[in-house]
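Residue-level structural notes
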Amino acid sequence: MSMKFDRPMNWKELPAGCLIDEAATSLRFKTGDWRSMRPIWDAEKCIHCLFCWITCPDTAITVQDGKMTGIDYDYCKGCGICAVICPPKASAIDMVREEK
Ligand code: SF4
Ligand code: SF4
């Protein structure tokens, strides 16, 4: 059963089990503009272990043919996990302050 509401409601007024029709989707919203820190990848240092790809919570590490190719800044939120997980012998990702 679907219901239409004729006025904006707060969450306490919504019926239990209500589904919102126009929920946000990352297909339309580029979540990368929330970022305050930016990972910078050094392709020369990268050993393509793909630890960053496995652990990135936003699937923002791009890979082709089993090798890292970069970072998708449209979706990277700057959490820094990739920089922490990158092996010390590579240290291929540095976090820098995002410039506006
Ligand atoms: S900073 Fe976070 S979101 Fe951005 S690429 Fe690294 S792990 Fe993914
Ligand atoms: S974790 Fe570091 S060395 Fe491994 S693929 Fe990512 S950037 Fe390259």
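Placed above this text is the structure.
Residues numbered from 1 in each chain as written. Chains lettered and ligands numbered in written order. Predicted model: local features only at pLDDT ≥ 70, side-chain atom pairs only at ≥ 80, totals over all residues. Heavy atoms only, no water.

With that settled, the discussion passes to the overall build of the protein chain. Within the protein chain one finds two helices and four strands. Starting at the N terminus and ending at the C terminus, the protein chain contains elements arranged as β-α-β-β-α-β. Relative to a compact globule of 100 residues, whose C-alpha radius of gyration would be 13 Å, the protein chain shows 19 Å and is clearly more extended. Based on the C-alpha atoms only, the size of the protein chain along its principal axes is roughly 60 × 30 × 20 Å. Taken across its 100 residues, the protein chain has 24% of its residues classed as buried. Working note: accessible area of the protein chain is about 7800 Å², and carbon and sulfur atoms make up 56% of it. Put simply, the protein chain has 13 plus and 14 minus side-chain charges, and the middle of one group is 3 Å from the middle of the other. (Helix = DSSP H or I, 4+ residues; strand = E, 2+ residues; numbered from the N terminus. Rg over C-alpha atoms; globule rule 2.2 N^0.38 Å. Buried < 20%, exposed > 50% of the residue type's maximum accessible area, 1.4 Å probe, protein only. Areas by Shrake-Rupley, 256 points an atom, 1.4 Å probe, with all protein chains shown as cover. Lys, Arg positive; Asp, Glu negative; His and termini not counted. Charge placed at Lys NZ, Arg CZ, Asp CG, Glu CD.)

Here we take up the pattern of salt bridges. Taken as a whole and judged by the stated rule, the model has four salt bridges. Residues Glu13 and Arg7 are paired through a salt bridge, measuring 3.2 Å at the closest nitrogen-oxygen approach. Residue Glu13 is classed as partly exposed on the basis of its relative accessible area, which comes to 38%. Using a relative accessible area of 42% as the deciding quantity, one classes Arg7 as partly exposed. Overlapping salt bridges bring together Arg35, Arg38 and Glu98 as one network. (Salt bridge = Lys/Arg side-chain N within 4 Å of Asp/Glu carboxyl O.)

Turning to the nonpolar core, a few remarks are in order. Nonpolar side chains in soluble globular proteins generally cluster together in the buried interior. In this structure, Cys52, Ile61, Met68, Ile71, Cys82, Ala92 and Ile93 are the most contacted members of the largest nonpolar core, which totals 14 residues. Contacts of Ala92, omitting those with residues within four sequence positions, involve Ile40, Trp41, Asp42, Lys45, Cys46 and Cys86. (Core = buried A, V, L, I, M, F, W, Y, C linked by side-chain atoms within 4.5 Å. Contact = heavy atoms within 4.5 Å.)

Among the 13 residues in the neighbourhood of ligand 2, the closest are listed as Cys46, Cys49, Leu50, Cys52 and Cys86. Its residues assigned to classes, the shell around ligand 2 shows 12 nonpolar, one polar and no charged. (Near = heavy atom within 4 Å. Nonpolar A, V, L, I, M, F, W, Y, C, P; charged D, E, K, R; others polar.)

Here we come to the pairing of strand β3 (residues 67-71). One ladder, built from four bridges, connects strand β2 (residues 61-64) with β3; its direction is antiparallel. Bridge pairing in β3 links Gln64 to Lys67. (Pairing = 2+ DSSP bridges.)

Attention now moves to the environment of Pro87. For Pro87, the position within the fold is in the loop between α2 (81-85) and β4 (93-97). In the structure, Pro87 is positioned 40 residues away from Ile47 in sequence and 8.9 Å away in space, judged by C-alpha atoms. Pro87 has contacts with Ile47, Cys49 and Phe51, leaving out every residue within four places of it along the chain.

Around ligand 1, 13 residues are found, and the nearest of them are Cys56, Cys76, Cys79, Gly80 and Cys82. Class assignment of the residues belonging to the shell around ligand 1 gives a composition of nine nonpolar, two polar and two charged.

Glancing now at the environment of Ala92. Mapped onto the secondary structure, Ala92 falls in the loop between α2 and β4. Considered as a pair, Ala92 and Lys45 are 47 residues apart in the sequence and their alpha carbons are 5.1 Å apart.

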